[in-house]
Structure formats: structure tokens, C-alpha cells
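Here's the letter readout for the chains.
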Amino acid sequence: MTAPADRVLNFLGETAEWLSGEELARLLGISRAAVAKHIAKLRRDGHIIKSSTKLGYRLLAKNVPVDFDLVVPHLWTKTLGRTGWRSLDVTESTNNEAIIWALAGGPVGAVVPAERQTGGKGRRGHGWFSPPRSLMFSCILPAGPRHRSSPEAVTGEALAALVEAFCQAGVPEPTVKSPNDLLLNGRKIAGVLVESGSRAGVPEWLVLGIGVNVNVLQEEFPDELSGRATSILAVTGRPMDRNAFLGIILSEIERKLRA
Ligand code: BTN
């Protein structure tokens, strides 16, 4: 038997129009409160569903998880994403996963994306809001002073160029706020956290973690972040292909780190 949340998704998927909570409740023979509960679950599962108090609900896009097979057509790298890949559903922090992997001998170039983080880490001890449909991933880079340019700066520039390319005309250009916060419409949409460790003074590991607010609805940001943070979807009104974005950003980071 089809689960009620899947039936809600099926009804929403059959139309490009809005469906009111009342209509969905009638179609499914359940209460409006139950409809709202199923919508919340579908959003947690990564589906992009807009809501309006007047109009009801509208499906913008079904969830497409981050998947190496979907990233690879966009990946033009020798190392990044080629030497190791671990897609996770939920984790505390992809940086933590990558650090543990690096310490256990994980290869330089390995990439760890996750659909959700329960303890996403930001800079200066802050947290990082990590809901489904965002893009969160970490890469193991060579430890030590082998980079001609700083990975933070390179990633900030690459993110700015890519977000600009993905946004259509009419959308304001992203700006980089030093050192590497990426702002769109004056609100933060991406951040970079580099962590490193050494043993007896010798650099042992270096992990680059990137978070991009991709397909997050503005209403999903908690009140304390809403004035300061936004997403590509919220600004452009269009869902973005996270797999393509991930492949291209990894390619750009590697190209710039080699240069
Ligand atoms: C910042 O404060 O601007 C940096 C945010 C970095 C967030 C990313 S999300 C993927 C990776 N895992 C983490 O726990 N943090 C980084």
C-alpha cells in the first residue's frame, strides 16, 4: 500500500498548479493537519514544496540525492572526487567524517557529501544550518604548505563565479565578504571551513568543508538566521541541480589549486 506521504507527493506531482491543504485532505480522506505533517516529512526527505497560506502547496522539484554517478558527468578533475567518495545521508559534520577518514589513511582528493548534518560546523565555533536540499561536503586536500594559493580564497572565488553563472539575468551578482563568505542580496549563501592537524610539528591532514544554501526555501531558515541567510532557490525562484553544481565546483577548485 502506498504510504500517505507518497500519495501527497503523487497528487502534487500530477499538477504544476497549487493544491490547497483542504483539497489534498479531501483527495486523501485525511485531516489538513495530517496533510501538513506529510508535507513536513516530504520536505525532510528533500522534496522542494512551496507553501502559501492562500494557495496551499506546490511541488517545485522532487528530491535528487547527491550521487557520484550524477556528479561524474560534470567532473573534470584528476584527483578531487576521483580517489575516494562517500555519500552520506545524515552525519554530524562532513568535516568530521573527512578528518576521521584522513587520519585513517583516506586518500587526498576524497570527497564526503551529506544530505543533512546534525552538527554542521561554521567558522569561529559557530554552527552551520544544514537542512536537506542544501549542499554540504568536505574534501581531503594535501596537508602542509603545498598549496600556492589558500584553499579558502580559491574556493570563495570559485563559488562566486559559479553562483553567478547559475543565476539568471536580473539576479544580483554574488559578493565575497572577506575571507570567503558568499553573499547574495546581502545575505549569506555559502561558507568555507578549512581544518588541519599536525603530529610532532609535521602537517598531517587538511580538510576543506563547503556549505552552500542551494534548494532551501526562505521560510525554512530559522528566525535568527532568516535576515542574514538566503539560498539560491530563494533568490532565483529556480531549483538548482546540486550534482552538476558539485561536479563543477570540485573541478574549479582543483583547477585553481593547481594554477
Ligand atoms: C562558515 O562559517 O562560513 C563556514 C561554514 C562551513 C560549512 C560546511 S558544510 C560542510 C562542512 N561540514 C561542516 O561541518 N562544515 C562545513
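Fair warning: this is a prediction, and the values are worked out from it, not measured in the lab.

Procedures and definitions
Residues numbered from 1 in each chain as written. Predicted model: local features only at pLDDT ≥ 70, side-chain atom pairs only at ≥ 80, totals over all residues. Heavy atoms only, no water. Helix = DSSP H or I, 4+ residues; strand = E, 2+ residues; numbered from the N terminus. Rg over C-alpha atoms; globule rule 2.2 N^0.38 Å. Buried < 20%, exposed > 50% of the residue type's maximum accessible area, 1.4 Å probe, protein only. Contact = heavy atoms within 4.5 Å. Areas by Shrake-Rupley, 256 points an atom, 1.4 Å probe, with all protein chains shown as cover. Lys, Arg positive; Asp, Glu negative; His and termini not counted. Charge placed at Lys NZ, Arg CZ, Asp CG, Glu CD. pLDDT = per-residue confidence, 0-100. Pairing = 2+ DSSP bridges. Axes fitted to C-alpha atoms, helices over the stretch in contact; angles between N-to-C directions. Right-handed = clockwise from strand over helix to strand, strands pointing away. Near = heavy atom within 4 Å. Polar contact = N/O pair within 3.5 Å; in protein donor to acceptor, adjacent residues only side chain to side chain. 1 Å grid on protein atoms, 1.4 Å probe; cavity = no way out; pocket = protein on both sides within 12 Å on 5 of 7 lines; lining within 4 Å. Sits in = over half its atoms within 2 Å of the grid points. Nonpolar A, V, L, I, M, F, W, Y, C, P; charged D, E, K, R; others polar. Salt bridge = Lys/Arg side-chain N within 4 Å of Asp/Glu carboxyl O.

1. Observations regarding the overall build of the chain
(1) Moving on: Within the chain one finds 9 helices and 9 strands.
(2) Moving on: A compact globule built from 259 residues would reach a C-alpha radius of gyration of about 18 Å, and the chain, at 20 Å, matches this within 12%.
(3) Moving on: A principal-axis box enclosing the C-alpha atoms of the chain has dimensions of 65 × 40 × 35 Å.
(4) Moving on: Per-residue burial for the chain yields a buried fraction of 48% across its 259 residues.
(5) Moving on: Long-range contacts, defined here as pairs at least 24 residues apart, represent 64% of the contacts in the chain between residues at least 6 apart.
(6) Moving on: Total accessible area computed for the chain in this model is approximately 12,600 Å², and 51% of it derives from carbon and sulfur atoms.
(7) Moving on: Put simply, the chain has 31 plus and 26 minus side-chain charges, and the middle of one group is 2 Å from the middle of the other.

2. Overview of the confidence of the model for the chain
(1) Moving on: A residue-level look at the chain finds 98% of positions with pLDDT of 70 or above and a mean pLDDT of 92.
(2) Moving on: Taken element by element, the chain is modelled with least confidence in strand β6 (residues 175-177), mean pLDDT 85, and with most confidence in helix α5 (residues 94-103), mean pLDDT 98.

3. Section: the sheet that holds strand β4 (residues 111-117)
(1) Moving on: Across the sheet, which stays open at both edges, the 7 strands sit in the order β3-β4-β5-β9-β8-β7-β6 with mixed pairing between neighbours. The open sheet has two free edges, formed respectively by β3 (88-91) and β6, since each of these has just one partner strand. Averaged over all neighbouring strand pairs, the angle between strand axes comes to 30 degrees, with direction disregarded.
(2) Moving on: The pairing of strand β8 (residues 187-199) with strand β9 (residues 202-212) spans 10 bridges and is classified as antiparallel. When the sheet's bridge partners are listed, Ser198 is paired in β9 with Pro203.
(3) Moving on: In this fold helix α6 (residues 151-166) packs onto β5 (135-141), β6, β7 (181-184), β8 and β9, with an angle of close to 155 degrees to the strand it touches most, β8.

4. Notes on the pairing of β4
Along any regular strand, the residues point their side chains to alternate faces of the sheet.
(1) Moving on: A large share of β4 lies buried, amounting to 6 of its 7 residues.
(2) Moving on: Chirality of the crossover, the property in question, places the unit of β3, α5 and β4 among those that are right-handed.

5. Some points on the site of the ligand
(1) Moving on: The ligand sits among 20 residues. The nearest are Ser93, Gln117, Lys121, Arg123 and Lys188.
(2) Moving on: In this structure, Thr94 approaches the ligand through a side-chain N or O atom, which is 3.1 Å from a nitrogen atom.
(3) Moving on: Take Lys188: an N or O atom from its side chain is 2.6 Å from an oxygen atom of the ligand.
(4) Moving on: If the ligand stood free it would expose 420 Å²; the protein chains cover 98% of that surface.
(5) Moving on: Structurally, the ligand is housed in the largest pocket.
(6) Moving on: Elements with a minimum of two residues in the shell around the ligand: α5, β5, β8 and β9.
(7) Moving on: By residue number, the principal contributor to the shell around the ligand is β8, which donates 4 residues.
(8) Moving on: Across the shell around the ligand, the residue classes tally to 6 nonpolar, 10 polar and 4 charged.

6. Details of the pattern of salt bridges
Working definition: two side chains of opposite charge can pair if their charged atoms are close together.
(1) Moving on: In the structure shown here, the tally under the stated rule is 12 salt bridges.
(2) Moving on: Residues Arg242 and Glu115 are paired through a salt bridge, measuring 2.9 Å at the closest nitrogen-oxygen approach. Within this pair, whereas Arg242 is found in helix α9 (residues 242-258), its partner Glu115 is found in strand β4, the two being separated by 127 residues in sequence.
(3) Moving on: Ionic pairing is found between Lys256 and Glu157, a salt bridge with its closest N-O pair at 3.4 Å.

7. With respect to unusual backbone geometry
(1) Moving on: The phi dihedral of Arg133 falls on the positive side, at around 80 degrees, and the residue is not glycine.
(2) Moving on: By secondary structure assignment, the location of Arg133 is in the loop between β4 and β5.
(3) Moving on: A positive phi is found at Ala200, a non-glycine position, where the angle reads about 50 degrees.
(4) Moving on: As for its placement among the helices and strands, Ala200 is situated in the loop between β8 and β9.
(5) Moving on: Residue classification places Ala200 among the exposed residues on the basis of a relative accessible area of 81%.

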